[in-house]
Amino acid sequence: GNSVTQMEGPVTLSEEAFLTINCTYTATGYPSLFWYVQYPGEGLQLLLKATKADDKGSNKGFEATYRKETTSFHLEKGSVQVSDSAVYFCALNVGAGKSTFGDGTTLTVKP
Amino acid sequence: DGGITQSPKYLFRKEGQNVTLSCEQNLNHDAMYWYRQDPGQGLRLIYYSQIVNDFQKGDIAEGYSVSREKKESFPLTVTSAQKNPTAFYLCASSTNGAGRDQPQHFGDGTRLSIL
């Protein structure tokens with residue numbers, strides 16, 4: 001089956017620190033990979049995506065590279081801000097209408 | 001603005017009562033989904049629909065029911081058979097349910113609690 005494993009949280013960083021949230025996956029077929037962000041009391045928003053090996057998704061200073069050889073899609077940001085505090089979800093989709101989500105990683109950025 | 005509207009934002013259920021959560025989208029998306037989110041856990045798929053008048057069970061469909069009579073609407077009923085309904089419920093949609101590169105667009109959720 002399909003599964004997504006995320007780095008366990010919570011993660012607490014100081015403003016301007018470097019962020020890495022690890023994500024690895026197993027999939028039947030060739031998945032597309034996604035990172036979503038959820039702010040308190042809201043739904044998920046797409047942060048970035050990559051649809052094939054070696055693709056790099058990027059948005060708002062966040063980046064993630066689709067690594068097929070290590071089945072990973074780690075999220076990185078060079079300098080986090082307080083406004084980046086949220087829950088981050090890694091997800092995959094192999095088609096047929098269903099996505100598989102990780103358990104989410106809570107990030108808190110302190111000033 | 002296009003988007004997904006979930007209502008109500010907060011809902012309370014009495015023992016033995018069925019409640020219905022509304023989800024409406026004006027994105028002209030074919031596929032719609034319902035997820036349950038519990039604290040500290042990821043999203044679990046309840047039901048999904050790739051086309052009007054058709055839907056499939058997800059991983060945790062027991063105690064829930066849905067309908068898809070219109071493209072823009074996908075209401076979820078939490079029945080009295082669902083013994084632990086307290087959770088945050090998220091509705092989502094995507095352009096094409098069969099495509100693997102389509103992201104999902106989410107509503108802001110409904111928080112259901114037991115009285």
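Data block above holds the structure.
The structure contained in this document is the topic of the report that follows.

What counts and what doesn't
All residue numbers here refer to positions counted from 1 along the written sequence of the relevant chain. Chains and ligands are labelled sequentially in the order written, the chains with letters from A and the ligands with numbers from 1. Where local features are concerned, this predicted model is filtered to residues with pLDDT of at least 70; where side-chain atom pairs are given and counted, the filter is 80 or more; whole-chain, interface and lining totals use all residues. Excluding hydrogens and water, the side-chain values take into account all heavy atoms of the structure. Remark: exposure states derive from per-residue accessible area (1.4 Å probe, protein chains only) relative to the maximum for the residue type, with buried under 20%, exposed over 50%, and partly exposed in between. A run of H or I in DSSP counts as a helix once it spans at least four residues, and a run of E counts as a strand once it spans at least two, with each numbered from the N terminus. At least two DSSP bridges between two strands are required for those strands to pair. For this analysis, a ring pair means two rings from Phe, Tyr or Trp (six-membered ring only for Trp) whose centres lie within 6.5 Å, classed as stacked if their planes differ by under 30 degrees, edge-to-face if by over 60, and tilted for the remaining angles. Throughout this description, the term charge over a ring refers to an Arg CZ or Lys NZ atom that lies within 6 Å of the ring centre and within 35 degrees of the ring normal. Salt bridges are counted wherever a side-chain nitrogen of Lys or Arg sits within 4 Å of a carboxyl oxygen of Asp or Glu.

A separate point is the pairing of strand S3 (residues 19-25) of chain B. All names here are of chain B. The alternating pattern of S3 places Val 19, Leu 21, Cys 23 and Gln 25 on a buried face, while none of Thr 20, Ser 22 and Glu 24, on the opposite face, is buried. Strand direction decides the pairing type here: S3 and strand S8 (residues 76-78), joined by three bridges, are antiparallel. Residue pairing for S8: Thr 20 is matched across the bridge by Thr 77.

For the rest of this paragraph, the subject is the packing of aromatic side chains. Applying the stated rule across the entire model yields 13 aromatic pairs over all chains. A ring pair is formed by A:Phe62 and A:Tyr88, whose centres lie 5.6 Å apart and whose planes are at 40 degrees; its orientation type is tilted. Of the two residues, A:Phe62 is situated in strand S8 (residues 62-65) and A:Tyr88 in strand S10 (residues 86-93); the sequence distance between them amounts to 26 residues. For A:Tyr88, a relative accessible area of 1% gives the class buried. Between B:Tyr64 and B:Tyr89, the ring centres sit 5.9 Å apart and the planes meet at 65 degrees, which makes this aromatic pair edge-to-face. With B:Tyr64 in strand S7 (residues 64-66) and B:Tyr89 in strand S9 (residues 87-94), this residue pair connects regions lying 25 residues apart in the sequence. Each residue in the set A:Phe34, A:Tyr36, A:Phe101, B:Tyr33, B:Tyr35, B:Tyr48 and B:Phe106 is aromatic and connected to the rest through ring pairs, giving one cluster. Of note, B:Arg68 hangs over the ring of B:Phe74, and the distance from its end group to the ring centre comes to 6.0 Å.

Our next topic: the pattern of salt bridges. On inspection of all chains with the given rule, the structure shows six salt bridges over all chains. The residue A:Lys56 makes a salt bridge to A:Glu63 at a minimum N-O spacing of 3.6 Å. The class for A:Lys56 is exposed, based on a relative accessible area of 51%. For A:Glu63, a relative accessible area of 33% puts it in the partly exposed group. Between B:Arg44 and B:Asp38 there is a salt bridge whose closest N-O contact spans 2.7 Å. Accessibility expressed as a relative area gives 32% for B:Arg44, which makes it partly exposed. Linked by salt bridges that have partners in common, B:Arg36, B:Asp38 and B:Arg44 make up one network.

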